[in-house]
Amino acid sequence: MGRLLIALVAVPLLGAAALTMPAFRTRGRAVAFGTAVSGLVLALTLAAVAAFALPYGQDGPTGGGPDGGMRLQTDLPWIPGLDLRFHLGVDGISLPLVVLTALLTFLCFVHLTRHPPAGGRQRALVCTLLVLEVGMIGTFLALDLLLFFVFFEVVLVPMYFVIALWGGTERRAAAVKFILYTLLGSAVLLIGLLVVWAQAGTLDMVALAERRGAGMPRSAQILAFLAIGAGLAVKTPMWPLHTWLPDAHTEAPTVGSVLLAGVLLKMGSYGFARVAIPMLPEGAAALAPWLGALAVVGIIYGSLACLAQRDIKRMIAYSSVGHMGFVLLGFATLTPVGMNAALFGNVAHGLITGLLFFLVGAVKERYGTADMARLGGGMLGRMPHLGSLLTFACIASLGLPGLAGFWGEMLALLGAFRPAAGLPRPLFLVFMAVGGAGTVLTAAYFLRLLSRVTHGVHRAAPSEPEAAAGHGVVGARAVEQGVPARTAGEAAGIGGDERAGDAGEIGGTGETGQVGGTGGAVDVTAREWAAWVPLVVLIVLLGLWPKTLLAVTTPAVQAVFGPGMVVP
Amino acid sequence: MIAIVALIILLPFAAAVAGLLGAKVGTGRRGGGSRTESSGAAAGRRAAWFAITAAAASAVLTLWLALRPALDLPTGAASRPGGAGFWDSFLPGRVEGALTLIETGSLPISVSLRGDGLSVLTGILVVMVALAVQVYSVGYMRGEPRYPSYSAFIGLFTSAMLLVVYAGDLIVLYVGWEIMGICSYLLIGHWWEDRANSRAAVKAFLVTRLGDVGFLFGIFTLGMAAGSFRIDDVLRADIPTGTLIAATLLLLMGVAGKSAQVPLQTWLPDAMAGPTPISALIHAATMVAAGVFVVARLYPLFLGARPTLDVLAVIAAIGMLGAALAALAQDDLKRVLAYSTISQLAYMAGALAAGVRGAAGLAGLSGLSGLSGLSGPDVPYGPDLSEGDVVFGGIGPPGVHGLGEVGGDEAAIFHLLSHGAFKALLFLCAGAVIHHAGSNLMSRMGGLRTALPVTFWTMTIGFAALMGLPPASGFFSKNAVISVIEDSDGVVQPFLYGSALLTVGVTGAYATRAWLRTFFGPAQPRGEPQPEPLPEEPREEPLTEVLPGTAAHVSDGREAPRSMLWPIGVLAVPALLLGFTWPWVAGRGVMGSGVGWGSAMIDLVVALLGAGIVYALWRGDPVRDPARLLGPFRVPCERAFYVDTVYAALVARPMLRLARGVVRADERVIDGAVRGSGRAAIGLSGVVRLVQNGNAQLYVTGLVAGLLLIAVAAAVVLA
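Note that the coordinates shown come from a computational prediction; the quantities given were computed from them, not determined experimentally. (Residues numbered from 1 in each chain as written. Chains lettered and ligands numbered in written order. Predicted model: local features only at pLDDT ≥ 70, side-chain atom pairs only at ≥ 80, totals over all residues.)

### Describing the interface of chain B and chain A
Chain B puts 43 residues into the contact, and the matching count from chain A is 49 residues. Within the residue set of the side of chain B that touches chain A, elements represented by two or more residues are β1 (94-102), α5 (170-188), α6 (195-226) and α23 (643-689) of chain B. Of the residues forming the side of chain B that touches chain A, the biggest block, 13 residues, is contributed by α6(B). Residues of the side of chain B that touches chain A, tallied by class, amount to 22 nonpolar, 10 polar and 11 charged. (Contact = placed C-beta atoms within 7 Å. Helix = DSSP H or I, 4+ residues; strand = E, 2+ residues; numbered from the N terminus. Nonpolar A, V, L, I, M, F, W, Y, C, P; charged D, E, K, R; others polar.)

### Focus on unusual backbone geometry
Note that the residue after A:Thr236, namely A:Pro237, is joined by a cis bond; omega there is -10 degrees. In this fold, A:Pro237 is placed in the loop between α9 (218-235) and α10 (244-251). Look at the link from B:Pro470 to B:Pro471: it is a cis peptide, with omega at 5 degrees. Relative to the helices and strands, B:Pro471 is located in the loop between α17 (453-467) and α18 (473-486).

### Details of the packing of helix α13 (residues 306-329) of chain B against helix α14 (residues 333-354) of chain B
Each pair of packed helices gets described by two things: the angle between the helix axes and the distance between those axes. All names here are of chain B. Remark: α13 packs on α14, axes separated minimally by 7 Å, with the N-to-C direction vectors making an angle of 155 degrees. If you check the angle between α13 and α14, you find them roughly antiparallel. The chirality of how α13 crosses α14 is left-handed. Contacts between α13 and α14 involve Leu309, Leu312, Ala313, Ile315, Ala316, Ala317, Gly319, Met320, Ala323, Ala324, Ala326 and Ala327 on the former and, on the latter, Val336, Tyr339, Ser340, Ile342, Ser343, Ala346, Tyr347, Ala349, Gly350, Leu352 and Ala353. When its residues are assigned to classes, the contact of α13 with α14 shows 19 nonpolar, four polar and no charged. (Axes fitted to C-alpha atoms, helices over the stretch in contact; angles between N-to-C directions. Parallel < 35°, antiparallel > 145°, perpendicular 65-115°, else oblique. Left-handed = near helix turned anticlockwise from the far one by under 90°.)

### Observations concerning helix α4 (residues 122-141) of chain A
With 20 residues, α4(A) extends 29 Å between its outermost C-alpha atoms, agreeing within 8% with the 28 Å of an ideal straight helix rising 1.5 Å per residue. Counting buried residues along α4(A), 19 of its 20 residues qualify, which places the element largely inside the surrounding structure. (Expected span 1.5 Å × (residues − 1). Buried ≥ 20, exposed ≤ 12 C-beta atoms within 10 Å, placed from the backbone.)

### Quick notes on the confidence of the model for chain B
Caution is warranted with low-pLDDT regions, since their predicted coordinates should not be read in detail. Residue and element names in this part refer to chain B. Per-residue confidence for chain B gives a mean pLDDT of 80; residues scoring 70 or more make up 82%. Below pLDDT 50 for its whole length, residues 76-83 participates in 27 contacts with residues either more than four positions away or in separate chains. The low-confidence segment residues 527-556 (pLDDT under 50) makes 57 contacts with residues lying over four places distant or belonging to another chain. For this predicted complex, the interface score ipTM comes out at 0.86, while the overall pTM is 0.86. (pLDDT = per-residue confidence, 0-100.)

So, in structure tokens, the structure goes:
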């Protein structure tokens, strides 16, 4: 069973290595191969879920541990001279994130098969994404601090290339900013980890978590928490360390944005749950009010920044600042419910924001812009399916009960209502109230987005026909197949009356089948449905039945905070 | 049994899912806009079948529950502290069931439902109005390409409201509570081509959400104090008064938002941008009822927090009169009804604020039969006290209540039901009128009684009920409300009572005005300019701007189609007769025993006075608007006292300005610091680079200097 986790890391790595073979030069084959590899990884994670679901003690000698402890462990010597070990394992905290990573990567590949980003070099892109997957999954599985750091860093390089090679017009600057900023954060993180190592004398994360900071003086814990927290906060991102994020998200190609928002940000918050809070409880207690304060500032600040954005992609990037603020607020309460909230919020944000970036990518592909003013509204009329999906994703993201986004926010506020003993309760009540105001602002900017983009009547921007024709394979295909649709749509669009959208659609249906729309616009394609429907289903499932996730995380979270963990 | 309750909730939900996903399958090509006329009609038919079947099944199941002699669990101490509610003689006992318990790391959430008399009573209102609206919509939305999603959202909305009504856990209740908000958003914005509708939808959601945040915190406070989110546990818990006051005040925010009470009332009139059946369903009969329902559901808690009830009384007093005056000045028929909804909901809030008082003052209203029982001094509430096994700790109100009396919650729920019936009726009739006239504006109507005889007579019943004229239901329920307010005590009671009486008069005035302007007088040919154009206030704030008179459909001739008339006719029956059945529902013996005739006469005279003044004015000149009696106050009334303008100036615009400021600060300050650090690093490296200038002599000089330094240092150290 322990081999399973090694396979999770090894399969994408071998896949990336295999791509160097010349056989993959043929166009399209590399993406198909990448899809197959990531599909295999997803299957392996599902196998890991199945193994995890077995009752404790039934998965052989590698499992075991108390309820909520590590399972499916692999512990091999790595660098014996430094006592570094290749130690992998999974518990309720990491398992959902591993599944999320595998799922999002797979869906990105499914999406790539028909919607490659501008910039060509598909083989390189597939290779990069597979290496990225190695780093992401490895980060969530590692149980040795240095191994954790290595995987944490592995992620940066492929993401740099994804932004720098396949990004938008300002991609170079954004990529450089991304890698410098996060590398700086990583350096601080490394210092913190080394402080822990120097004080505790071990890098084994299980042992460190069991010790709960015993043997480390308070001052050292605060110092280590400060350094580790700052390093993780860059990644999360926490206000005011967030400015790399809007640029990186805006310039990254669709798959890059999806993985950046869906997984990479979670590595920062995962670090809080796995490293900072369990290993340094006294440091956490000392700095939690600061963490909470910065978190709620991030919530309000992110929401306000969203309210004044013009570019949808940039707006969703800023919305991540707000949503991750709720995650950090959950951590700052230092309560089981708060950490549950953070973990739930992590997964929910990964699903919802992943979906949102997919959708915005699709919008950009069709309209040639993500600028709200130039989009011109009326998407529900022009592309009803895309508009409906965008509505769904925005509603999910604003935290509607019954969809996944709600539970993370609600539980974080509940945690802040009664934070851990020793934390100043009035202060956290203020945080709760501010966070509550943040939910209203969140609703405000998402509804503003929907109102501007999906509602109203589409009025074509002057340069629009050229833009639509010139963007992406889909646009080009639409031009080939949908000439009648286009002419009809444009003819109706010139008049600018209310029936323009409908008339164009009816004109477009007859000849072109799936390609039905106006002005070269195509509603959701089959491949896009395949990539998005799993996210939609999971968002609804987690929203209606939060127990699916909470039942997994709660034992692990209680093990973190429980009164004295059982030492095996 | 609990399975029946679950089924009542799930059926509309399943129909919504089926309608949303399945209506178009097989009826045409995939792609929402890409279908021909016939396939669109087929999808609409199928969606209508889904929606109506589910609504009808839910209605039948609810009636079956209501007609049972008792629900499963016996009433009494174990189940409901403070004795049973007033509904116990209607449907004693209750059912409950928990599906699962969700561990959160803090208090668990129990996914549970409970049904009792209060739930079933409110549930009847919800399913009946929902069914009527679904049937009505088939005719009203004929030819509408987006009918499938429209009917699905109504189904989803019905399901959410039923979840609120039957929830057994406060968090579950909150889930339904919020889903209603989003359904309201989706339905108000149904005709999203018009930006004004979109803005109204956004406004409705945001204003109610603002209240809901407080509501959620109130739930936290209650749950944490009680150690459980289950409604039964919360009602039974011993919560300190201070906590109780804080919690109920927070809950009140949500109630004010959903029930459109001051200061969060501004969304409701704008919500009239939605299709008229939606106004009937959401903004008259059900969603706005949720706030009143929740207070009734948690009434023992509110009784324990007297300051909260006083706040509620002030809110109600301001809201009922202000909204009634605003209704008097509106030209848009739907907005008249919207303001009247705010006003009537304020009546319910006022009844709730009145609390529960001893029987003495209310003997005339309560019949007293079978309700005599002695109450211990610590037993605050409920007629079913004779069992003597009621255990109720800690949260009693300061006063002592006991002998069979009409509680504020009973009067409120009574008025809720009768208002639900007559207001839904009024809106559906208004829909038929608008359908015919092609405009929402009353200045474009007139003389419609001959063209629309059925609508005329049913709407007359509705207006009579709204004014509180006997024998319509509103007479009885409004009388119950005013009697409760009259006999309450408390610091704001005189204010509340005065406002309630005054509002009766204004209600009579605006109802008469709307009735006369719509159905009497000279017929207005369409397209004629308004007789009295009002000065249009410049409206620069997009959030508050709603175009008046966004007409639904253009007139096509005579009376509305049959699918629209049937629901109207059916709703007219309870609107007319519900008052006679209430004594039976509340178990108060014979018909008419529930009326305090003395105060009823006063109400009636006041209402007729208001109506008479308007009639006299109208008789003088049938063309001119009787609203001119407001004189210089007319414009403020029509603008609803500029609350929207004030909010736009105080909240919306500063918020947007702040948002722009944040974006600027983010670019210049925070990101500026980041970029500045980059530039600083480059500048620093430029300085360091000066040393690396390629001049070998400089390098050698440096080398020699270094060597010399080391040698000197070594010499010093060694020596």
